[in-house]
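Per-entry structural report
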Amino acid sequence: MAQLIPAILSKEVSEVEEKIRFLEQIPEITEVHIDFEDGLFVPNDTVLPKDLFGIKTRLAIDAHMMVVSPQDYFHDLEHLGASAADIHFESFIGFTELLNAVSNLHTMKIKVGVVVNPETDVEIFKSLIPEIDVAFIMSVYPGFQGKPFLPQSLDRCSVLRKSYPNAIIQIDGGVSKANIEAVRAHGADRIVVGSGIWKNLDPKQTIYELLEKIK
Ligand code: DX5
Ligand code: ZN
């Protein structure tokens, strides 16, 4: 069964906390995707992991690091209690540096997703799959919520699924009630949804509708 992971992207700690508290009321939701942006890797900035130290939650935290130096935040992610860190292939100068970062996170008992931007060839996963926990495809150019889903992401997902039948595949960006079934059918296991939840008048009802479509 695929998993729905709601996304929170905000500059305000209060908004992050409010959305976490909202999600905690939905028993079917066990994990939250929190977007962290430094204003350099992407043209937007958000709260950073240390801003959230005061927030305790039952939800597992999937930390998406849209930053130029993800390793600068690893200790903060450990302190935050993140269960997974998603680090971008594009943040690293080479495979050696990336694999060092993967190993450092694993030492901290944090799972690792490696993320590829839309223009990065999914071939890069060939040498990485045995070392990482999640192969993660961006289905928008990262930075903001509410961008339209890039249709080529479906093929990228299928290619990964066919090449690595046992891999855990995560997809993020532009997913909504309109396309979540297609995303699932193309092989995604972990499906991140931001504005597809928050922009609806009834986000709770929307979460249940999304869950129904992927069960
Ligand atoms: C985009 C972020 C996404 C975003 C998802 O840069 O990485 O996680 O919050 O929001 P939607 O679903 O609106 O694209
Ligand atoms: Zn994200």
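What this report covers is the structure whose coordinates are included nearby. Just so it is clear, the model here is predicted, and its values are computed rather than measured.

Further remarks concern the overall build of the chain. Looking only at helices and strands, the chain features 7 helices and 8 strands. Scaling as 2.2 N^0.38, a compact globule of 215 residues should have a C-alpha radius of gyration of about 17 Å, and the chain matches this with 16 Å. Based on the C-alpha atoms only, the size of the chain along its principal axes is roughly 45 × 40 × 30 Å. In the chain, once contacts between residues fewer than 6 apart in sequence are set aside, the share between residues at least 24 apart is 65%. When the accessible surface of the chain is totalled, it reaches about 9700 Å², and 53% of it is carbon and sulfur. Side-chain charges in the chain split into 20 positive and 31 negative, and the spacing between the mean points of these groups amounts to 6 Å.

Another aspect to go through is the pattern of salt bridges. Inspection of every chain in the model, using the stated rule, returns 10 salt bridges. Residues Glu-31 and Arg-190 are paired through a salt bridge, measuring 2.7 Å at the closest nitrogen-oxygen approach. You can see Glu-31 sitting in strand 2 (residues 31-37) and its partner Arg-190 sitting in strand 8 (residues 190-193), a full 159 residues away along the chain. Comparing Glu-31 with Arg-190 shows no difference in burial state: the two are buried. A salt bridge links Arg-161 to Asp-189; the shortest N-O distance between them is 2.6 Å. Taken together, the positions of Arg-161 in helix 4 (residues 152-163) and Asp-189 in the loop between helix 5 (180-185) and strand 8 put the pair 28 residues apart, joining distant regions of the chain. Of the residues examined, Asp-189 reaches a relative accessible area of 22% and is grouped as partly exposed. Through salt bridges with shared partners, one network takes in Glu-17, Arg-21 and Glu-24.

Here is what the cut-offs are and how they apply
Position labels on residues start from 1 in each chain and follow its written sequence. For naming, the first written chain is A and the first written ligand is 1, with later ones following in the order written. Per-residue local features of the predicted model are confined to residues with pLDDT of at least 70, and side-chain atom pairs are confined, for both listing and counting, to 80 or more; whole-chain, interface and lining totals are unaffected and use all residues. Hydrogens are left out, water is left out, and the side-chain values use all remaining heavy atoms of the structure. Starting at the N terminus, helices and strands are each numbered in turn, a helix being any DSSP run of H or I of at least four residues and a strand any DSSP run of E of at least two. We compute the radius of gyration over the C-alpha atoms and compare it with the globule rule, which gives 2.2 Å times the number of residues raised to the power 0.38. It only takes one pair of heavy atoms within 4.5 Å for two residues to be counted as in contact. Residue burial considers only the protein chains on display, and all accessible areas are found by Shrake-Rupley using a 1.4 Å probe. Counted charges follow a simple rule, with Lys and Arg positive, Asp and Glu negative, and His plus the chain ends left uncounted. Each charge is placed at NZ for Lys, CZ for Arg, CG for Asp and CD for Glu. In the sections that follow, a salt bridge refers to a side-chain nitrogen of Lys or Arg positioned within 4 Å of a carboxyl oxygen of Asp or Glu. Under the scheme applied here, a residue whose accessible area is under 20% of the maximum for its type counts as buried, over 50% as exposed, and between as partly exposed, the area being computed with a 1.4 Å probe on protein chains only.

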